[in-house]
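This is what each chain is made of:
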Amino acid sequence: MDVDTRLLRYFAAVAEEGSLTGAAGRLFVSQPALTKRIRRLEGDLGVRLFARSRSGMALTEAGRELAARVPALLSGWDEAVRATGRAARVLRLGFLDAGAVGAVPEVITEFREARPEWRVELRQFDWSDPSAGLGRGEVDAAVVRLPFPGQEGLDVRELSVEQRGVLLPARHPLANSRVVEFRELWDEAFVAAGAETGAWREHWLAAEEREGHPVRVGADTSRPDEWLGAVAAGCVALAPASAARFSCHPDVVFRPVRGVSPSRVGLARPKGRAREAALDELLEAIARRLSRS
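So, a few notes on the structure that sits alongside this text. (Residues numbered from 1 in each chain as written. Predicted model: local features only at pLDDT ≥ 70, side-chain atom pairs only at ≥ 80, totals over all residues. Heavy atoms only, no water.)

1. Here we look at the pairing of strand β10 (residues 216-220)
As defined by bridge partners, strand β9 (residues 189-192) adjoins β10 across 4 bridges and the pair is classed as parallel. Paired with Ala189 across the strands is Arg216, a residue of β10. For the handedness criterion, the β-α-β arrangement of β9, helix α7 (residues 199-204) and β10 is classed as right-handed. (Pairing = 2+ DSSP bridges. Helix = DSSP H or I, 4+ residues; strand = E, 2+ residues; numbered from the N terminus. Right-handed = clockwise from strand over helix to strand, strands pointing away.)

In structure tokens, the structure reads:
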């Protein structure tokens, strides 16, 4: 029988967290999607792995047996993937938005010229995974925006700070303002990332900077095109200043905002993993370049 290792990762997270809610936040997936995948794993194995109740998810006897074996299995698989990458000399770098990445493509070009035996893959992820692939083990390192759920389990190096502004419909009454006061936006309908993204969603709604004023969410999105489309349709969205250059739409304008904290850009990698000299070299070059930008 063949079992998708991602299903085993979902199982391990639920077993460790003891609840679908906690595991969904840790894995950057929605709770319904996680429930569906756990049921798929149970269907593939032909056994019940959890006893579900209002208090959480308790492992059955079969579940406890699997939970005892899965960590070693996944650890062995992860090491096999890393070893394969080292043998093929491939480094995988995740990112979310072009504004955070900045000069990284230039650094990668320089690295390739200096180390032609290595290939670097730059992979973009949508906002449903603020860890840019690290949470699912799909990349070796990532350029991220802080904060995001699960970052305490990663080695994160903060590199730079970028002011936040607001994306407005071009017809909005504040669209001609030179600077917008955040207080003027409190009653607007905001575009938000999915609820499972936790601290990431709260940061981009500036939930803690509203002095208790409730947030109105007008649309949930996970992709830049959906994000801009929701703004063009009447919502507003906080965005990094670089969005003025990289997020273009004829019916959307960007304006600086006064009264919100900035966005912080960082470089993240897994903790406790054996170091690869080539990856260390690349990440150090990226850190130097982004720290200067």
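Moving on, there is more to tell.
2. Looking at helix α10 (residues 277-292)
Helical periodicity: at 3.6 residues per turn, an α-helix aligns residues three or four positions apart in one direction. An ideal rise of 1.5 Å per residue puts 22 Å on 16 residues; α10 measures up with 23 Å between its terminal C-alpha atoms. Buried within α10 we find Ala278, Leu279, Leu282, Leu283, Ile286, Ala287, Arg289 and Leu290. (Expected span 1.5 Å × (residues − 1). Buried < 20%, exposed > 50% of the residue type's maximum accessible area, 1.4 Å probe, protein only.)

3. Quick word on the packing of aromatic side chains
If you walk through the whole model with that rule in mind, you get 4 aromatic pairs. When the ring of Phe11 is compared with that of Phe50, the centres are 5.5 Å apart and the planes differ by 50°; the resulting orientation is tilted. Of this pair, Phe11 sits in helix α1 (residues 5-17) while Phe50 is found in strand β1 (residues 50-53), placing the two residues 39 residues apart along the sequence. In terms of burial, Phe11 and Phe50 fall into one category: buried. The ring of Trp204 carries Arg164 above its face, with NZ or CZ at 5.4 Å from the centroid. One residue, Arg210, lies across the ring of Phe190, its end atom 4.6 Å from the ring centre. (Phe/Tyr/Trp six-rings, centres within 6.5 Å; stacked < 30°, edge-to-face > 60°. Lys NZ or Arg CZ within 6 Å of the ring centre and 35° of its normal.)

4. Examining the pairing of strand β3 (residues 90-95)
With 6 of 6 residues buried, β3 is to be regarded as a mostly interior element. Both β3 and strand β5 (residues 141-146) contribute to a ladder of 2 bridges, which runs parallel. Its bridge partner being in β5, Gly94 is matched across the sheet by Ala142.

5. Thoughts on the layout of surface pockets
Of the volumes computed, that of the largest pocket is approximately 990 Å³. Residue lining of the largest pocket: 33 residues in total, with Arg9, Asp78, Leu134, Gly135 and Gly137 positioned closest to the centre. Elements that contribute at least two residues to the lining of the largest pocket include exactly α1, α2 (20-27) and α4 (61-88). It is α4 that contributes the most residues to the lining of the largest pocket, 8 residues altogether. The volume enclosed by the second largest pocket comes to roughly 380 Å³. Lining the second largest pocket are 23 residues, and of these Asp97, Trp127, Trp227, Pro240 and Ser247 lie nearest its centre. (1 Å grid on protein atoms, 1.4 Å probe; cavity = no way out; pocket = protein on both sides within 12 Å on 5 of 7 lines; lining within 4 Å. Points joined across faces, edges and corners; volume = space filled by probe spheres on them.)

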